[in-house]
Amino acid sequence: MSTVTPPPVAERRPITRVHHGDEVVDDYEWLRDKDDPATIAYLEAENAHTDAAAEHLEPLRQQIFDEIKARTQETDLSVPVRRSSWWYYARTVEGSQYAIRCRCPIADAADWTPPELEAGSPIDGEQVLLDSNIEAEGHEFFSLGAFSVSDDENLVAWSVDTTGDERYTIRIKDLRTGEVLGDEITGASAGATWSADASQLFYTTVDDAWRPHRVWRHALGAVGDDTMVFEEPDERYFVGVGRTHSEKFLVIGLSSKVTSEYRVLEADQPKGEFRTVLPRREGVEYSLEHAVMGDDDVFLVLHNDGALNFELAATPVAQPGELTVLVPGSDTTRLEDIDVFARWIVLSYRRDALARIAILPITPSGQLGEPHEIDFGEELFTSGMGANAEWDPPVLRMGMGSFVTPSSVFDYTVETDELTLLKQTPVLGGYDPAEYEQHRTWATADDGALVPVSIVCRVDTPRDGTAPGLIYGYGSYEASMDPGFSAMRLSLLDRGFVFAIAHVRGGGELGRHWYDDGKMLRKRNTFTDFVAASRHLVNERWTSADRLVAEGGSAGGLLMGAVANLAPDAYCGIVAAVPFVDALTTILDPDLPLTVIEWDEWGNPLEDPEVYAYMKSYTPYENIGAHPYPAILAVTSLHDTRVMYVEPAKWVARLRATATGDVQVLLKTEMHGGHGGVSGRYASWKERAWELAWIIDIARST
């Protein structure tokens, strides 16, 4: 590594907090004040130090960026999706950061085969609905939230965030004239939903804790006179609004981490009163869709009341309440989602740590036929439903991919059980999947649990412990990290890296019990699982500890901070992106964004001394020790509202003050980004090239 000046030293301004008789002195909490010039000066000094420390990697960064760019078909378009009288699609243009959303007319109403549009060539009848490049002009950051076309296809509502704080401005365009109407709604959440007659637009706003809590109805043309139709006072609940796939009902969804409730209103009666389908009961989660089964209108309810891995049931629309089980729960299969059509129900579920799809026909008499699972022909893969805008299509759009198979879009003809490949994401430069191999292995955790680990590498990668490795983990909120394709990852694999995902507890890969065993007072399982998976890779000779880098982001960043304390000898480097490393401080403060809703995930240390003591035993900031650490790169964004920049800033400051030995600890703050980092595809490629260059350098220099 190059010789650089010493890193910045954060000023110590000790404050004391006391909870449950425990007195804690925090020297760096002052960094939370974003309006303090000293805070910004410190972050800028850290950025300057990071730039200097990684200056020698600029040629490698540029090389990796060029590789990513060379693999990407920069002028491209998505597979068109049929809706009513138009085909909708998005296209990208070489040199432009963002997508352009378009449509072209359907030439033959009886033809469901999407048109074969040529990227870069003129498209007959094309209408540009929204060019995000124009929207983003003059802004350092840009994120598109809502993009909602009215039922009559004459209007589009969209929302944008230009700071990264996830508060959006909604605008409306008349697609017949191209005129942007005077309706402008500020301070909204990301989504927007039309009523059936396009006279009303529904959206949500957030409270001071960034929690979506109110639903509003905006009358087209009535500027500044919107009607609040619902408010949720319980701070544990997020609120959203949408439509059923049948388009018949508007739906308000309320959900905490453990409880949910839905309210519905006929979409053609937008000024009516929403009514509750099934009242909330603590600990019962459900999702809702509308179906027509024979002569009956029913709500399909995917719920966990007495079914740990969820079951599918139906209840009458006219008088919801009693549930009729359609697909019972299972110990081995976690039902995750449903898509409903006129003649089919599509189940999305997880079995053996893989995401799968099955089709259930609805018979003319209203019964469900036997499920048919889609076979994608790979042992290790991920799959899911694609965009399906029509209620009664002859084909269903779905997608799959794997570590070695680029993202692929299919139309599935139910009647003939035929999968038609419509598009596979191009990987330019002669990519050959036969040159790579993927594996599933199982690590034994400290308590004997078997932890799935997904692995990919080149077929010529040595299996003698000399290969560098990158292991990724998350392990919270029942989120599953599936084995999907990444063209950017090829820059690692082609340099001899082994890449692995540790599917640790706290995630959802093996069902609800896998999640439950990695949350609240069992959260430490997440960390020990990850360490076990890392040591398993070494024991199986995929890599070695002195060449293994760990990576995780957000709650996965908490995982990174925890394993850095727990097993610093297991890694040569750690990348922690927007890391939740000061979790106890955050969860103790109900006034901070999103804290209260998190109590169902982590526990409430403010009121429960057992939760307080347990969290304090693992949270990264509290447990930094006077011992050597692997090299650490912490990446954050100044305007992140989910995991605030102050957490990695404090963590880095205390690491520098406490760790022993010659440890490289870097903090890189994006001054114009949000939780997802920078915006724009070229900017994101540059950011990832920066991180990959650091990973390669650390794994090779030890």
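All residue numbers refer to position in the chain's written sequence, counted from 1. Local features in this predicted model are restricted to residues whose pLDDT is 70 or higher, and side-chain atom pairs enter the listing and the counts only when it is 80 or higher, whereas totals over whole chains, interfaces and linings include all residues. Computation of side-chain values covers all heavy atoms of the structure but excludes hydrogens and water.

Trainee: Describe the state of the cysteines, with residues and values.
Mentor: To count as a disulfide, a pair of cysteine sulfur atoms needs to be within 2.5 Å. The tally for this structure, following the rule as stated, stands at 0 disulfides. Sulfur of Cys102: no disulfide; nearest cysteine sulfur belongs to Cys104 and is 9.0 Å away. Note on Cys102: relative accessible area 1%, which makes it buried. Remark: exposure states derive from per-residue accessible area (1.4 Å probe, protein chains only) relative to the maximum for the residue type, with buried under 20%, exposed over 50%, and partly exposed in between.

Trainee: Describe in detail the packing of helix H2 (residues 58-71) against helix H12 (residues 681-701), supporting the description with residues and values.
Mentor: Interaxial distance between H2 and H12 falls to 8 Å at its minimum, and their mutual angle equals 130°. In terms of their interaxial angle, H2 and H12 are classed as oblique. Relative to H12, the crossing made by H2 is right-handed. For the pair H2 and H12, the contacting residues are Leu60, Arg61, Gln62, Ile64, Phe65, Ile68 and Lys69 in the first and Tyr682, Trp685, Lys686, Ala689, Trp690, Leu692, Ala693 and Ile696 in the second. Each residue belonging to the contact of H2 with H12 can be placed in one class, and the counts come to 11 nonpolar, 1 polar and 3 charged. Only C-alpha atoms enter the line fits that serve as axes; for helices the fit covers just the stretch in contact. Angles between N-to-C directions range over 0 to 180 degrees. Strands are runs of DSSP state E lasting at least 2 residues, helices are runs of H or I lasting at least 4, and numbering of each runs from the N terminus. Roughly parallel means an angle under 35 degrees; roughly antiparallel, over 145; roughly perpendicular, 65 to 115; everything else is oblique. The crossing is said to be left-handed when, going from far helix to near helix, the turn is anticlockwise and less than a right angle, and right-handed when the turn is clockwise. Residues are treated as being in contact if the distance between any of their heavy atoms lies within 4.5 Å. In the scheme used here, Gly and all other residues not listed as nonpolar or charged are polar, with Ala, Val, Leu, Ile, Met, Phe, Trp, Tyr, Cys and Pro taken as nonpolar and Asp, Glu, Lys and Arg as charged.

Trainee: Please give an account of the sheet that holds strand E27 (residues 372-373) that cites residues and values.
Mentor: Here, any two strands with at least 2 DSSP bridges between them count as paired. The sheet built from 4 strands is open, its strands ordered E24-E25-E26-E27 with antiparallel pairing. In this open sheet, the two edge strands, each paired with only one partner strand, are strand E24 (333-340) and E27. As paired elements, strand E26 (residues 354-361) and E27 share 2 bridges and run antiparallel to each other. Within E27, the residue paired with Ala358 across the bridge is Glu373.

Trainee: Residue-level account of H2, with values.
Mentor: With 14 residues, H2 ought to run about 20 Å at 1.5 Å a step, and its terminal C-alpha atoms sit 20 Å apart, in line with that. Those residues of H2 lying buried are Leu60, Arg61, Ile64, Phe65, Glu67, Ile68 and Arg71. The arc that holds every buried residue of H2, seen down its axis, measures 155°, which confines them to one face. Of the surrounding elements, those touching the buried residues of H2 are helix H4 (490-493) and H12. A helix is expected to reach a length of 1.5 Å times the quantity of its residues less one. The arc refers to the directions leading from the helix axis to the C-beta atoms.

Trainee: Residue-level account of the nonpolar core, with values.
Mentor: Here, nonpolar core refers to any group of buried Ala, Val, Leu, Ile, Met, Phe, Trp, Tyr and Cys residues whose side-chain atoms link them within 4.5 Å. Judged by nonpolar contacts, the single largest core of 72 residues is most densely connected at Ile471, Phe530, Tyr571 and Trp651. Judged by nonpolar contacts, the second largest core, of 58 residues, contains Trp344, Leu354, Met481 and Trp694.

Trainee: Describe the pattern of salt bridges, naming the residues involved and giving the relevant values.
Mentor: Any carboxyl oxygen of Asp or Glu that lies within 4 Å of a side-chain nitrogen of Lys or Arg is treated as forming a salt bridge with it. With the rule as written, the count across this model stands at 54 salt bridges. Across the pair Arg656 and Glu46 runs a salt bridge whose closest N-O atoms are separated by 2.7 Å. Of the two residues, Arg656 is situated in helix H11 (residues 646-658) and Glu46 in helix H1 (residues 37-53); the sequence distance between them amounts to 610 residues. Judged by its relative accessible area of 22%, Arg656 is partly exposed. Salt bridges linked by common partners bring Asp26, Glu29, Arg32, Asp582 and Lys650 together as one network.

Trainee: Break down empty space enclosed by the protein for me, citing the residues and quoting the values.
Mentor: With a probe scaled to a water molecule rolled over the atoms, the places where space remains empty come into view. A cavity here means a set of 1 Å grid points, computed over protein atoms only, where a 1.4 Å probe fits but cannot escape. A pocket is an open set with protein on both sides within 12 Å along at least 5 of 7 lines, and lining residues have an atom within 4 Å of a point. Grid points are joined across faces, edges and corners, and a volume is the space filled by probe spheres set on the points. Scanning the model with the defined rule gives 4 cavities of 30 Å³ or more in all. For the second largest cavity, the calculated volume is near 130 Å³. Taken together, the elements giving at least two residues each to the lining of the second largest cavity come down to strand E4 (81-83) and strand E29 (395-401). Top element by residues in the lining of the second largest cavity is E29. It accounts for 3 residues. Grouping the constituent residues of the lining of the second largest cavity by class yields 8 nonpolar, 1 polar and 4 charged.

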